[in-house]
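# An overview of the molecular structure
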Amino acid sequence: MNIQEYFARISYDESHKDADLQTLTAIFQHHIQAIPFENLSMHCGETIELDLQSTYNKIVRKKRGGWCLESNYLLFWALQELGYDVCILGGNSYEPAERAYTAEINHILLKVVIKGNSYIVDAGFGGAYQAWQPLMLISGKDQPQIPGIFRFMEDNGTWYFEKVKRKHYIPEQSVPFTGTPELGNIRKIYTFTLEPRHINDFQQLNTYLQVSPDNILQKKSICSLQTTEGFYALVGWTFTEMKYNYMEDVDLVQITTLTDEEVEKTLKDKFNIMLENKLVPVNVRGLPPNLVDTI
């Protein structure tokens, strides 16, 4: 494993001599715009191994993406290599359909400390709830970014991560704003504590997500990548392109239904992914919430 090879994978060629916030932000943004959030392996008959060499080979050398466990584990390694004070945390994601957070930890995120200040760095949520910059770990402070306003709320040692949603403009709809969130609507994302974790704490979760028929990753083949303007998402045969702030406080959402052949082409053209094994797209219908909330 080689940090220069990782830099080439994310197209990063700037300075990295200082383990400061500016360098962290630049590396993070290159990472999320180069490495898709995706679960395609489990829909290609491939096993996802949660060890560093396997993750590195898959994402860096085979130019694939990964889900949160893989993408954040690779970023954790890279930041350690660069001398950052970084640790792994565990999160419980919010399930809109259940209106509750999961009982068990099902997400991995990173905490980085720079000059006494703590930042949350999470490259593995994908879609509309992917932050574009490290977030200061401070309770009750609005942190505006291009994707929207993020904030943390802390209560008795538990941290709650949320985002203020914008309205969505979908050109195909006869009434453009039908069914879209009201301005100021809060979307809960996940909770976490500051208890440091080890990657081995997530081995059981990694196995469970690949065999449990009930989790959404089994029911939807997902690939999502941040762009300079928003993000691309491919869920089953549905390709979505989001452009943030297309109009004031309104995001543009363009949705296309693809054929099997177009799915393969879209993975190559939009996500730079060429699969070794044949993908069987999956998108179980009727699963709340909608696409933009799910990813």
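Here the residue index of a chain counts from 1 through its sequence in written order. In keeping with the predicted nature of the model, local features appear solely for residues at pLDDT of at least 70, side-chain atom pairs appear and are counted solely at 80 or more, and the whole-chain, interface and lining totals rest on all residues. The basis for every side-chain value is the complete set of non-hydrogen atoms in the structure, without hydrogens or water.

## Some details on the overall build of the protein chain
Scanning the protein chain from N- to C-terminus turns up eight helices and 15 strands. In terms of overall size, the protein chain behaves like a compact globule, its C-alpha atoms giving a radius of gyration of 18 Å where 295 residues would be expected to give roughly 19 Å. In terms of overall dimensions, the protein chain has C-alpha extents of about 50 × 45 × 40 Å along its principal axes. Exposure is judged per residue with a 1.4 Å probe applied to protein chains only, and the accessible area is read against the type maximum: over 50% gives exposed, under 20% gives buried, and values in between give partly exposed. Here the protein chain holds 295 residues, and 53% of them are scored as buried. Under the convention used here, Asp and Glu are negative, Lys and Arg are positive, and both His and the chain ends fall outside the count. Charged groups are reduced to one reference atom each: NZ for lysine, CZ for arginine, CG for aspartic acid, CD for glutamic acid. If the 27 positive side-chain charges of the protein chain are averaged to one point and the 37 negative ones to another, these points end up 3 Å apart. Strands are runs of DSSP state E lasting at least two residues, helices are runs of H or I lasting at least four, and both sets are numbered from the N terminus onward. Note on method: radius of gyration uses C-alpha positions; expected globular size equals 2.2 Å times residues raised to 0.38.

## Brief notes about the state of the cysteines
Two cysteine sulfurs form a disulfide in these notes if their separation is within 2.5 Å. If you walk through the whole model with that rule in mind, you get zero disulfides. Cys68 takes part in no disulfide bond, and the closest cysteine sulfur to it belongs to Cys223, at a distance of 15 Å. Free of any disulfide, Cys223 has its nearest cysteine sulfur in Cys44, 11 Å distant.

## Quick word on helix α7 (residues 260–271)
An α-helical turn contains 3.6 residues, so any two residues separated by three or four positions project in the same direction. One fewer than the residue count of a helix, multiplied by 1.5 Å, yields its expected span. Between the first and last C-alpha of α7 there are 16 Å, a value that for 12 residues agrees with the 16 Å anticipated at 1.5 Å per step. Looking only at α7, the buried set comprises Val263, Thr266, Leu267 and Phe271. Buried residues along α7 cover an arc of 105 degrees about the axis, so they all sit on one side. Turned more than 90 degrees off the buried face of α7, the exposed positions are Glu261, Glu264 and Lys265. After α7 finishes, the residue Asn272 shows a positive phi value of roughly 60 degrees. This arc is taken over the directions from the axis of the helix to the C-beta atoms.

## Notes on the packing of aromatic side chains
Ring geometry is summarised as follows: Phe, Tyr and Trp rings, the Trp one being its six-membered ring, pair when their centres sit within 6.5 Å, and such pairs are stacked at plane angles under 30 degrees, edge-to-face over 60 and tilted between the two. If you walk through the whole model with that rule in mind, you get 20 aromatic pairs. Between Phe125 and Tyr190, the ring centres sit 5.7 Å apart and the planes meet at 50 degrees, which makes this aromatic pair tilted. Highlighted residues: Phe125 in the loop between β5 (117–121) and β6 (135–136) and Tyr190 in strand β11 (residues 186–192), separated in sequence by 65 residues. Phe125 gets classed as buried once you look at its relative accessible area, which sits at 13%. Aromatic side chains Tyr232 and Phe271 sit 6.3 Å apart centroid to centroid with 75 degrees between the ring planes, which places their arrangement in the edge-to-face category. Of the two residues, Tyr232 is situated in strand β13 (residues 230–235) and Phe271 in helix α7; the sequence distance between them amounts to 39 residues. The two residues Tyr232 and Phe271 agree in class, both being buried. Among the aromatic residues, those joined into a cluster by ring pairs are Phe125, Phe150, Phe152, Trp159, Phe161, Tyr190 and Phe192.

## Quick word on the nonpolar core
Here the nonpolar core consists of buried residues drawn from Ala, Val, Leu, Ile, Met, Phe, Trp, Tyr and Cys, with membership extended through side-chain atoms lying within 4.5 Å. Of all hydrophobic cores here, the largest spans 72 residues; its most connected members are Tyr6, Leu75 and Phe192. Here this core gets nine residues from one element, more than from any other, and that element is helix α4 (residues 68–81). The contact definition used throughout considers only heavy atoms, calling two residues in contact when any of these lie within 4.5 Å. Apart from the residues lying within four places of it in its own chain, the contact partners of Phe192 are Leu89, Gly90, Gly91, Leu109, Ile120, Leu137, Phe152, Gly157, Thr158, Trp159 and Phe161. Cys223, Leu234, Val263 and Phe271 belong to the second-largest nonpolar core, a separate cluster that totals 13 residues.

## So, the packing of helix α2 (residues 21–34) against α4
Helix axes are fitted to C-alpha atoms over the stretch in contact, other axes to C-alpha atoms as well, and angles between N-to-C directions run from 0 to 180 degrees. Interhelical geometry of α2 versus α4 gives an angle of 150 degrees and a closest axis separation of 12 Å. It follows that α2 is roughly antiparallel to α4 by the angle criterion. As α2 packs across α4, the resulting crossing turns out to be right-handed. Contact residues: α2 offers Leu24, Ile27, Phe28 and His31, while α4 offers Ser71, Leu74, Leu75 and Leu79. Across the contact of α2 with α4, the residue classes break down as six nonpolar, two polar and no charged. Orientation categories follow fixed angle ranges, with anything under 35 degrees roughly parallel, anything over 145 roughly antiparallel, 65 to 115 roughly perpendicular, and all other angles oblique. A crossing counts as left-handed when the near helix is turned anticlockwise from the far one by less than a right angle, and as right-handed when that turn is clockwise. Under the convention adopted here, Pro, Cys and the residues Ala, Val, Leu, Ile, Met, Phe, Trp and Tyr are nonpolar, Asp, Glu, Lys and Arg are charged, and Gly plus all remaining residues are polar.

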